[in-house]
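# Structural features, examined
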Amino acid sequence: PNGLLTIEAEAFLQCTSLQEVVIPNGVVKIGASAFCTCIELLGIKIPESVVDIGQSAFVYCYSLNAIKLPSKVKRLETNMFYSCVRLQSVILPKNLERIENWAFAGFAMTNIEIPFSVDYIGSCSFRECPELQSVKIPVNVTYIGEGAFMHCPRLKDVRLPKHLEFCIKKAF
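Residues numbered from 1 in each chain as written. Predicted model: local features only at pLDDT ≥ 70, side-chain atom pairs only at ≥ 80, totals over all residues. Heavy atoms only, no water.

## Notes on a nonpolar patch on the surface
Among the surface-exposed residues, L5, V28 and V51 lie close enough to one another that they form a single nonpolar patch of about 230 Å² accessible area. When you line up the elements, V28 lands in the loop between β2 (20-22) and β3 (29-30). (Patch = residues over 30% accessible without salt bridge, like charges linked within 9 Å, V, L, I, M, F, W, Y side chains within 5 Å. Areas by Shrake-Rupley, 256 points an atom, 1.4 Å probe, with all protein chains shown as cover. Salt bridge = Lys/Arg side-chain N within 4 Å of Asp/Glu carboxyl O. Helix = DSSP H or I, 4+ residues; strand = E, 2+ residues; numbered from the N terminus.)

If you want it as structure tokens, here you go:
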């Protein structure tokens, strides 16, 4: 719809049969838990106009398998993709700065390319990702939170930056 600026918090909460979503250009914000528990959601197209995506926006979207985030999004909020167990392809914005707590916990990817611009990886952000095998932490990252990569049984290849200041207990 013309003039739509925000997908409000919980707008599609528990729409369990929803499979595809195309958000119109001009929308700038997706609210917290907007698509929470849309268990059949396979794909969502988010326009470049979106600059803010709220916490838990896609939590429990079990069928979501791929997503491309707009270039203006600077942070992945808490629980953004928590328990998206089939999520295998994520294109992160090149200007992303922060990955908050539990953002990708429980996802299905084998590797993740974290943009160079990221400086913060929150607690449990990649926890319990059973297929994750490799991760390269960009040089700008100064903080990796507690349990960030905990319980990733296939994780074999981790490359840490020289200037990492804080790698909190049980990060790996």
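## Some remarks on the packing of aromatic side chains
One pass over the structure, following the stated rule, counts 13 aromatic pairs. Here the aromatic rings of Y60 and Y82 are separated by 5.7 Å at their centres, their planes lie at 80°, and the arrangement is edge-to-face. Of this pair, Y60 sits in the loop between β5 (52-53) and β6 (66-68) while Y82 sits in the loop between β7 (75-76) and β8 (89-91), placing them 22 residues apart in sequence. By relative accessible area, Y60 is classed as partly exposed at 31%. (Phe/Tyr/Trp six-rings, centres within 6.5 Å; stacked < 30°, edge-to-face > 60°. Buried < 20%, exposed > 50% of the residue type's maximum accessible area, 1.4 Å probe, protein only.)

## A few points about the environment of L87
You can see L87 is positioned in the loop between β7 and β8. What makes L87 buried here is its relative accessible area of 0%. Put simply, L87 and I67 are 20 residues apart on the chain and 8.1 Å apart in space, counted from C-alpha to C-alpha. Excluding its chain neighbours within four sequence positions, the residues that come into contact with L87 are L64, N65, A66, I67, F81, F104, F107, A108 and M109. (Contact = heavy atoms within 4.5 Å.)

## Re the sheet that holds β5
With respect to topology, three strands assemble into an open sheet ordered β1-β3-β5, the strand pairing being parallel. Two strands lie at the open edges of the sheet, namely β1 (6-7) and β5, each paired on one side alone. Bridge count between β3 and β5: two bridges; the pairing is parallel. Paired with I30 across the strands is I53, a residue of β5. (Pairing = 2+ DSSP bridges.)

## Things to note about the pattern of salt bridges
This structure, assessed with the given rule, holds seven salt bridges. Across the salt bridge formed by E48 and K68, the nearest N and O atoms sit 3.5 Å from each other. With E48 in the loop between β4 (43-45) and β5 and K68 in strand β6, this pair connects stretches of sequence that are 20 residues apart. Classification of E48 by relative accessible area gives partly exposed; the value is 35%. Put simply, E100 and R98 hold a salt bridge, and the shortest N to O gap is 2.6 Å. Residue E100 is classed as buried on the basis of its relative accessible area, which comes to 7%. On the basis of relative accessible area, R98 is assigned to the partly exposed category, the value being 27%.

## Concerning unusual backbone geometry
Of note in the backbone geometry, N79 takes a positive phi value of approximately 60° without being a glycine. In this fold, N79 is placed in the loop between β7 and β8. Residue class for N79 comes out partly exposed when judged on its relative accessible area of 22%. Notably, H151 is not glycine yet its phi reads approximately 60°, a positive angle. With respect to the helices and strands, H151 occurs in the loop between β13 (143-144) and β14 (157-159). Overall, H151 belongs to the partly exposed group, its relative accessible area being 46%.

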